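# Analysis of the macromolecular model
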Amino acid sequence: MLIFAFSLHLHLLSFPPPSCSLFLLKFSLAVSFSLCFPQMWKKKIFLVIIAISTISLLLHHGGHLTWTMDAFHLGCPALHSHPYSGLKPKHSNVVFLKTHKTASSTMQNLLFRFAERNNLTVALPIQACGHQFCYPRSFTTHSVHQHTLPPNIVTNHMRFNKAELKRLMPNDTIYVTILREPGSMFESLFSYYNQYCQSFKRVPNGSLEAFLDEPWRYYKPEENYSMYARNTLTYDLGGDKDRPAKDVSYAKAFVAQVERVFSLVMISEYFDESLVLLRHLLSWDLDDILYVKLNMRTPSSKQGLTDDLRKKIRAWNSLDAQLYDHFNASLWRQISAVGPACVAREVRLLREAQEKLMKRCFGEGMPLVRSAAEIKNKELRPWQPSGKVDIVGYDLPVNITQSFSSQDQELCLRLIMPEVQYTKMLLRSQLLRYRLTSQARPQQQSHSFQQPVRTTLLRHPAHRSQPPVPAAATPASGTGINSKTAVGTRGRTNKQGTKPSQTQSS
Ligand SMILES: Nc1ncnc2c1ncn2[C@@H]1O[C@H](COP(=O)(O)OS(=O)(=O)O)[C@@H](OP(=O)(O)O)[C@H]1O
């Protein structure tokens, strides 16, 4: 009995000490002392200990499925400015600029799941914008569905516009984005948008080599979807994709501007390392950054790149190349500051936790990657941009799902849900929540976009934020990242700008 009580103490001590766990700890200590007393009490005390242990576990994990017990033992010392920094509330106001072909759908899925778990509001596009904020037009608050206001999280594709986002988001919002090495990114864009982007479509035999030999022969800057054919990252970030390479001062100033706005620029080649930095930046747990890779092409849809092709791609997309070089270096500086060994340890723990989760959702081995046609559940089929490229997705194995609790099933389903379907599902659930909360309000009130409330999530489930009260949209305007028009209060397009939303993807 004493051994059991002692192990219970260790278990409780391994938790962060919110007042409730502390109380339970003291209580269980008192109980264990009483174990030294008469036999007749032992059975009762044993039951009490079991009950305390179960309650503390439930309180700690919020009744949610967690995939690792390491979540609270991860802290990298260099990031801890004071002894209790591990207890900092989770930050919940985040803009993630979803750039193209950079692993951004995987990130978006992670953010959607975080929002749902914590009852947060995600700003979603109006129907006329499909599942994007009317990309390729510059973001404005007009493109946000008014029943998804005021938001905590913004993550759907947009062309970045800081001034407009400032009108929408609380002041403590953290801005994050992701970049990819220009060679592999451009190769991915070239194959994905081969039927949408005229600059690519007119190249004989869809040859990447031919395009890169004479890009100006095929590329027309003012044409629809030309942003997929040159400096796409710069364009997504709100910059001028056609600024000549020799305009060095523009490139430098633009990089500096991006650096001022974004607290973290992730790098898709170092996705897990970037996630560890993100976890620290937002004070999230390891469980909050688990993911499954989404929106991948099959190997047969990919083309290997020679050094010569890579060089040509960098020269053609020189602004993107400068962005990438700068932020790749700065990612590694941040990793150095945290401690490379510490980041490596967290990456390892992340991968182990991910493996456990995969086994739970998909059985032994990794989830089976499938072509869209092979996926039975249409909610899980990724959008296919053309017959010339295969985007793979996943299905849940039937025999496994039968043994699942409904909570497990929901988690596993969401992990592999593609962007378009998840955006729609989230919109439906947020609209429902809006209706329920507005029924409870006597009269529709007019709000500014921002509600300076709910800036952080307390870790203890009992203190989690309440469903936010949505506000009505007000007209607004603004320009790109350079805009100085921040106020401080507050068509049916798709990834390509035109396709029907049911079939869209990013
Ligand atoms: N975790 C992780 N790490 C590294 N790379 C990853 C990851 N998840 C997705 N991917 C790759 O990202 C590409 C898809 O990017 P996006 O989801 O941003 O595309 S989209 O613009 O939303 O359509 C796509 O690249 P390609 O397969 O080369 O096209 C995915 O394979």
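Residues numbered from 1 in each chain as written. Predicted model: local features only at pLDDT ≥ 70, side-chain atom pairs only at ≥ 80, totals over all residues. Heavy atoms only, no water.

Where an unreviewed UniProt entry is consulted, the protein chain appears under the name Galactose-3-O-sulfotransferase 3, with the organism given as Astatotilapia calliptera. Under the heading Subcellular location (unreviewed entry), UniProt records this for the protein chain: "Golgi apparatus membrane". Turning to the protein chain, the UniProt annotation filed under Sequence similarities (unreviewed entry) states: "Belongs to the galactose-3-O-sulfotransferase family." (UniProt positions renumbered as here; feature names shortened; annotations may be inferred.)

This paragraph deals with the sheet that holds strand S3 (residues 122-123). Within the open sheet, the five strands sit side by side as S3-S4-S2-S5-S6. Their pairing is parallel. Strands with a single pairing partner mark the edges of an open sheet, and in this sheet they are S3 and strand S6 (264-267). By the bridge criterion, two bridges tie S3 to strand S4 (residues 153-154) in an arrangement that is parallel. Its bridge partner lying in S4, Val 122 is registered against Ile 153. Its contacts with the sheet put helix H12 (residues 271-282) on strand S2 (94-97), strand S5 (174-179) and S6, and the angle it makes with S6 is roughly 160 degrees. (Pairing = 2+ DSSP bridges. Helix = DSSP H or I, 4+ residues; strand = E, 2+ residues; numbered from the N terminus. Contact = heavy atoms within 4.5 Å. Axes fitted to C-alpha atoms, helices over the stretch in contact; angles between N-to-C directions.)

Counting 117 residues, the largest nonpolar core has Phe 211 and Leu 275 as the members making the most contacts within it. Per-element tally for this core: the top contributor is helix H15 (residues 340-362), with 10 residues. (Core = buried A, V, L, I, M, F, W, Y, C linked by side-chain atoms within 4.5 Å. Buried < 20%, exposed > 50% of the residue type's maximum accessible area, 1.4 Å probe, protein only.)

This part is about the side chain of Asn 231. Note that Asn 231 resides in the loop between helix H9 (215-218) and helix H10 (232-236). When neighbours within four sequence positions are excluded, Asn 231 is seen to be in contact with Lys 241, Trp 316, Asn 317, Ser 318, Leu 319 and Asp 320.

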